[in-house]
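Observations on the three-dimensional arrangement
Spelled out, the chains give:
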Amino acid sequence: MRTIAKSGAARGSLLRDPQARAWLFQIIAVITVVAIGWFLFHNTQANLAHRGINSGFGFLDNAAGFGISQHLIDYSESDSYGRVFWVGLLNTLLVSVIGIILATIIGFTLGVARLSPNWLIRQISTVYIEIFRNIPPLLLIFFVYFAVLSPLPGPRNSLSLWDIIFINNRSVQMPAPRAGEGFWVFWMALVLALIAIVLLNRWARARRHATGRPFPVFWISLVLFVGFPWLGSLLFGGPFLWEIPELQRFNIRGGWVVIPELVSIVLALSIYTAAFIGETVRAGIQSVSHGQTEAAASLGLRPGRVLRLVIVPQALRVIIPPLTSQYLNLAKNSSLAAAIGYPDMVSLFAGTVLNQTGQAIETMAITMSVYLAISISISLLMNWYNKRIALIER
Amino acid sequence: MTTHAFKPDLPAPSRSIGVVGWLRVNLFSSWLNTLLTLMGLYLIWLIVPPIIDWAIIKADWSGESRDDCSREGACWVFVQTRFSQFMYGFYPAELRWRVDAAAWLAVLGAAPLFFRRMPHRVRYGIAYLLLYPLLAYWLLHGGFFGLETVPTSRWGGLMLTIVIAAVGIAGALPLGILLALGRRSDMPAIRVLCVTFIEFWRGVPLITVLFMSSVMLPLFLPEQMNLDKLMRAMLMVIFFEAAYIAEVVRGGLQAIPRGQYEAAAAMGLGYWRSMILVILPQALKMVIPGIVNTFIALFKDTSLVIIIGLFDFLNSIKRATSDPAWLGMSTEGYVFAALVYWMFCFGMSRYSIHLERTLDTGHRT
């Protein structure tokens, strides 16, 4: 504003002075917003009083009295609404984390495939991306839930994969790991391996800086990472006993029960988000100019090294910001779970709890602040990362 | 004296030209590539023939009821008999001509805008944008000038989806531009207000926003003010999308070189005139792909109104598949829905690419 209007401020009339006008505008804007806020607040007070709803967060301690089909922490009907909040939050995070991992794997594969020298692979990847990014994610969820999982046979005639994984219209049951004899040894070995890897990395980098000699850090790290726990379990017994689901007369017992809602939402969201991640990855790799590859090659680096030391670090700088926003989208889209009744944050809290207690403002405020907190913290993290990684130009 | 005569060029080796050459370069250049090609072919063979078999060859196309389908392939009879419901929802059958009329008016009215050489194109466009919404409201909702009222609770199907998307973009675009200008303003109060607004709406999922429209808005508004469900949802969609549009437009504003602002000021233009005449035309042109992408996202997001019980396209299909007379038709229903959504979204993305190319005047840096 000032940059443009500063020049010919005529003296005399205060209204023509850009400084004064700026103040005036701002005061008007603030007053308007405050007035609207007061208007809404006043209405809400009146409406609440009229309907006889008490505001406040006291209801969180009341017993919830409804069952939840999937809870990662102990939960029973006599637990409080506060407990329901944590169950919902964990379920939302579960979908987000599994979805992000799957979407990343599929998406990176797609992105690399779109740049493949192989024509057929390129076309397949393009078709996948063009199909799935132009379909609403909710439709995909419905499709997987109602058209793929629902028509499956009932528990008694479950489809089985090698007799250890059972799939039917009520659940997917997989072998579940239970702590075995060498459980603690296994984890300790893993931690030890990680420490060793970090130390090795430091040492190798210091040596490379000092002498220029490379060290096969990756392979040795891999050997450490796999070897330590393996040695541990060899000496002290296996870390896990696998509880394999068993087909009984009417249903399947044991194992890890995954509800179909979780399967459909995770599958649909990762298929959908992967299409976008694929495009992000492709754009990122293409942003590294060909000269970089040639320069690296002329320095005598082998193709694998060119990719690892020159292309990928530069491409990641372009890829990571949009990638995080895709992750954020996936986390926000996980709220679509409400449409098929997966017990996530929205369907539990903004759905069931709201209906039972009538505390619309409180439940919505809690739900929205959770998502706001997630997205604000991720974008802060992103800004920090961007600053750290930004090219330092002369 | 003999002059040196060039021999005619030999043709390129047959292995490097034509079909064979193309195959060698693109599909079988190395053993890894050959392996990938074979894997790709296997994948296609696994997926495509069964789909064609199901959707076309073994499908049933004509009939009246579920019994007319052999169930060996797709039963498109379902889509056929329910087609009008998918399109209009519960809009009274004898009044559906009004929806058709509104749609034709939209298409015919907008058609001249696509001819680049039409005289008074801008003026016509502005008039169209101002008049059409009123006309469409009159046709769809009615209630005056002799048309019977059709309450919004009876609207549905693809028509509702398009109405929400169109109202959403028409409202979100101006609001988003204002927010973007506000975010880049020199006045701290305005900036803070705009940033807060934008970040709030971008931080929450649309589902919670729609929930809010159905449970919180009635609390916020005075009791005598009774907005119906659709209006509340639209209001929220406009706010939600405006925040996204604002970020897109901000990108364009930031890309305009400082000299443009200074030149506009040097011409003696005030803030609004320099924005409208100089900055925004350039900035908006630059962000057309972003705006269209936001619009595509909005079009897909309209499907979420299912959560507050509106009968948009997806919801009418979901309802139809749970009809006892047509059980087991989920696949057909959702495939049809996917096809329709896909056509709209893909068409828009292609159009945006085309627009980007024709509007590119080479000023992009």
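Residues numbered from 1 in each chain as written. Chains lettered and ligands numbered in written order. Predicted model: local features only at pLDDT ≥ 70, side-chain atom pairs only at ≥ 80, totals over all residues.

Broken down by element type, chain A carries 12 helices and 8 strands. When the 394 residues of chain A are sorted by exposure, 31% land in the buried category. A separation of at least 24 residues holds for 65% of the contacts in chain A among residues at least 6 apart in sequence. (Helix = DSSP H or I, 4+ residues; strand = E, 2+ residues; numbered from the N terminus. Buried ≥ 20, exposed ≤ 12 C-beta atoms within 10 Å, placed from the backbone. Contact = placed C-beta atoms within 7 Å.)

Residue and element names in this part refer to chain A. Here 4 strands make up an open sheet; going across it, the order is 1-2-3-8 and the pairing antiparallel. The outermost strands of the open sheet, each flanked by one partner alone, are strand 1 (159-161) and strand 8 (256-258). Each strand of the sheet is rotated relative to its neighbour by a mean of 20°, with strand direction disregarded. (Pairing = 2+ DSSP bridges. Axes fitted to C-alpha atoms, helices over the stretch in contact; angles between N-to-C directions.)

On to the interface of chain A and chain B, then. Of the residues lining the interface, 53 residues belong to chain A; the matching set on chain B comes to 51 residues. The set of elements that each furnish at least two residues to the side of chain A that touches chain B consists of helix 1 (2-5), helix 2 (18-51), helix 4 (119-132), helix 5 (137-149), helix 11 (345-357) and helix 12 (360-389) of chain A. Of the residues forming the side of chain A that touches chain B, the biggest block, 12 residues, is contributed by helix 2 of chain A. The residue inventory of the side of chain A that touches chain B, partitioned by class, reads 37 nonpolar, 13 polar and 3 charged. (Nonpolar A, V, L, I, M, F, W, Y, C, P; charged D, E, K, R; others polar.)

Residues and elements named next belong to chain B. Among the structural elements, V79 can be located in helix 3 (residues 76-81). When the 20 C-beta atoms within 10 Å are taken as the criterion, V79 is described as buried. Among all residues touching V79, those that are not within four sequence positions of it are E332 and F336.

With that out of the way, let us pick up the nonpolar core. Membership of the largest hydrophobic core comes to 152 residues, with the highest contact counts inside it found for L139, I141 and I265 of chain A together with L210 of chain B. Sort the elements by how many residues they give to this core and helix 11 (residues 229-255) of chain B lands first, with 16 residues. Non-local contacts of I141 of chain A, meaning those with residues more than four positions away in its chain, are made with S264, I265, A268, L336, A339 and I340 of chain A. (Core = buried A, V, L, I, M, F, W, Y, C linked by C-beta atoms within 7 Å.)

Low-pLDDT stretches of the model should not have their predicted coordinates read in fine detail. Residue and element names in this part refer to chain B. For chain B, mean pLDDT is 84; residues scoring 70 or higher make up 99% of the total. Across chain B, element-level confidence peaks in helix 7 (residues 157-183) with a mean pLDDT of 90 and bottoms out in helix 1 (residues 18-26) with 79. The complex model carries a pTM of 0.83, and its ipTM stands at 0.84. (pLDDT = per-residue confidence, 0-100.)

Residue and element names in this part refer to chain B. Close contact between helix 8 (residues 188-203) and helix 11 brings their axes to 8 Å; oriented N to C, the two are set at 115°. For the element pair helix 8 / helix 11, the angle class is roughly perpendicular. Helix 11 is crossed by helix 8, and the crossing has left-handed handedness. Note on element contacts: helix 11 touches helix 8 through F239, F240, A243, Y244, A246 and E247, opposite F197, I198, W201 and R202. Of the residues that constitute the contact of helix 8 with helix 11, the class distribution is 8 nonpolar, no polar and 2 charged. (Parallel < 35°, antiparallel > 145°, perpendicular 65-115°, else oblique. Left-handed = near helix turned anticlockwise from the far one by under 90°.)

For helix 14 (residues 288-301) of chain B, built from 14 residues, the straight-helix expectation of 20 Å at 1.5 Å per residue is met to within 8% by its first-to-last C-alpha distance of 19 Å. Considering only its buried residues, helix 14 of chain B is in contact with helix 7, helix 9 (206-215), helix 11 and helix 16 (330-359) of chain B. (Expected span 1.5 Å × (residues − 1).)

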